[in-house]
Amino acid sequence: MKNDLTLNIIKELIIFAIKNEKLSNSNSQLIIGSDEFLKLAKKIKAVSKKELFRTAYRHKLIEFIFENNFIKFYMKEIHEDFRLMYEKLFLINLKKQIFVRDLLEIFQKNEVNSILLKGIAISLQTKGSYTSRISGDLDLFIKKEDLMKSLQIMRESDYIIKHNYFPNKINKFFKNFFTFIFYEISLEKKFNDFFYVDLHWNLTNYNSNLTNFKDAYRASTLVEYHNLKFHSLNNYDSLRYACAHAAKDKWFCVSNLLDIHFLAMKFNKEELKKFAKDKEVRISLFATYLITKEEHYELSELI
């Protein structure tokens, strides 16, 4: 019950922060004196900081809460409370970028095309920077025909396959069976801490509306960010994939819904109407609307 209460308060904070982030300073001054703002501030103060941090971390919201401009300027106490956790995650992600760079360079050197999914890719796509996003692993989308080659070059770079049923020697039958049943395989590398990589040859194994690698790579966006250079899904494919990813987790993780929010805001309503013909996208947009109350993709406007 306590977790649900804290999550509901954080959801209220998200709605308030998104609604008011772009208001002018004069309007913001009126907002922070409103009954709505004062009630929300009182609710947040009644929750222990430990519980607030735990729930925000669980739903991967540290980055959003710390970086949102309205919270930063008008809810300064909350902003400062999250600073230490934000900076700790930022340093972890800086270290991860070294692994990401090295692995991408290995793939490029061996002429294996890949698309970076989620994590860094969607962070740059939605807000133009990569700071303290919480992501447990690196997701790479590759051509199914390149799977064995990719596994070989990763093994040579000290990555270990985590799958229990994957033998050292693989015949054609096993490869075809495995790639039909599954859509990804996980690997790990030990270096002070574990670094995890998920290799995808399909985006999911249950949604036929998602793009295949060949079409995705042809339409992908080339991204250059500091010392990283990689391909990411374009906005259209990325929104569909974000909706599929959120649906897989039963729309539980609030951060996944915020990804959908920021991607959906890149399209006009006519474009979103086309997306909404897909049931999974429609449900995901509705779940996102419940978190943000953003009328731009409110379903009655799209159907």
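Residue positions within a chain follow its written sequence, with the count starting from 1. The predicted origin of the model limits local features to residues at a pLDDT of at least 70 and limits the giving and counting of side-chain atom pairs to 80 or more, whereas totals for whole chains, interfaces and linings rest on all residues. Only hydrogens and water are set aside; all other atoms, that is, all heavy atoms of the structure, feed into the side-chain values.

Asks: Before we move on, could you go through the pairing of strand β2 (residues 138-142) and cite the residues and values that matter?
Replies: The side chains of a regular strand alternate, residue by residue, between the two faces of the sheet. Note on exposure labels: buried denotes an accessible area under 20% of the residue type's maximum, exposed denotes more than 50%, and partly exposed covers the range between, all computed with a 1.4 Å probe on protein chains only. Counting from the N terminus, the helices are DSSP H or I runs at least four residues long and the strands are E runs at least two residues long. The buried count for β2 comes to five of five residues, which makes it a mostly enclosed element. Burial along β2 is two-sided: the face carrying Leu138, Leu140 and Ile142 and the face carrying Asp139 and Phe141 are both buried.

Asks: Any details on the pattern of salt bridges? Residues and values, ideally.
Replies: Between Lys or Arg on one side and Asp or Glu on the other, a salt bridge is scored when a side-chain nitrogen of the former is within 4 Å of a carboxyl oxygen of the latter. This model, assessed by the stated rule, comprises 14 salt bridges. The partner of Arg240 in a salt bridge is Asp278, and the shortest N-O contact between them spans 3.1 Å. With Arg240 in helix α13 (residues 235-248) and Asp278 in the loop between α15 (269-275) and α16 (279-292), this residue pair connects regions lying 38 residues apart in the sequence. A single salt-bridge network, built from bridges that share partners, covers Glu63, Glu67 and Lys127.

Asks: Let's hear about the packing of aromatic side chains: which residues, and what values?
Replies: The relative placement of two aromatic rings is captured by the distance of their centres and the angle of their planes. Pairing of aromatic rings covers Phe, Tyr and Trp, the last counted by its six-membered ring, and requires centre-to-centre distances within 6.5 Å; plane angles under 30 degrees mean stacked, over 60 mean edge-to-face, and any other angle means tilted. The full count for this structure, using the stated rule, is 13 aromatic pairs. On the basis of an interplanar angle of 25 degrees and a centroid distance of 4.2 Å, the ring pair of Phe66 and Tyr86 is categorised as stacked. Here Phe66 is found in helix α5 (residues 62-67), whereas its partner Tyr86 is found in helix α8 (residues 83-109), with 20 residues between them in sequence. One aromatic cluster in this structure is built from Phe16, Phe37, Phe70 and Tyr74.

Asks: Could you give an account of helix α9 (residues 119-127), with specific residues and numbers?
Replies: The element α9 is extensively covered by neighbouring structure, given that eight of its nine residues are classed as buried. Among all positions in α9, only Gly119, Ile120, Ala121, Ile122, Ser123, Leu124, Gln125 and Thr126 are buried. Two residues or fewer after α9 comes Gly128, characterised by a positive phi angle close to 80 degrees.

Asks: Let's hear about the nonpolar core: which residues, and what values?
Replies: Buried Ala, Val, Leu, Ile, Met, Phe, Trp, Tyr and Cys residues form a nonpolar core when they are joined through side-chain atoms within 4.5 Å. The biggest cluster of nonpolar side chains holds 48 residues, and the ones touching the most others in it are Ile14 and Met75. At eight residues, the largest contribution of residues to this core is made by helix α1 (residues 2-20). Contact between two residues is taken to exist if any of their heavy atoms lie within 4.5 Å; hydrogens are not considered. Every residue in contact with Met75, bar those within four places of it in the chain, is listed here: Leu13, Phe37, Leu40, Ile44 and Phe70. Within the second largest apolar cluster, 32 residues are counted, among which are Val100, Leu103, Ile161 and Leu199.

Asks: With reference to specific residues and values, describe the pairing of strand β6 (residues 221-225).
Replies: Here β6 pairs with strand β7 (residues 228-232) via five bridges, running antiparallel. Counterpart to Val223 in the pairing with β7 is Phe230. One bridge is not enough; two strands pair if DSSP finds at least two bridges between them. Between the end of β6 and the start of β7, which pair antiparallel, lie two residues, with His226 showing a positive phi angle near 55 degrees.

Asks: With reference to specific residues and values, describe the packing of α8 against helix α10 (residues 147-155).
Replies: Packed helices, taken two at a time, are described by the angle their axes make and the gap between the axes. Helix axes use the C-alpha atoms of the stretch in contact, all axes being lines fitted to C-alpha atoms, and the angles between their N-to-C directions lie in the range 0 to 180 degrees. Put simply, α8 and α10 touch, their axes get as near as 11 Å, and they point 130 degrees apart. Relative to α10, the element α8 lies oblique. Here the hand of the crossing between α8 and α10 comes out right-handed. Between α8, through Leu103, Ile106 and Phe107, and α10, the contact on the second element is made entirely by Ser150, Ile153 and Met154. Between 65 and 115 degrees an angle is taken as roughly perpendicular, under 35 as roughly parallel, over 145 as roughly antiparallel, and anywhere else as oblique. Each crossing gets its handedness from the near helix: less than a right angle anticlockwise from the far helix is left-handed, clockwise is right-handed.

Everything listed here is a matter of geometry and, on its own, says nothing about what the molecule does.
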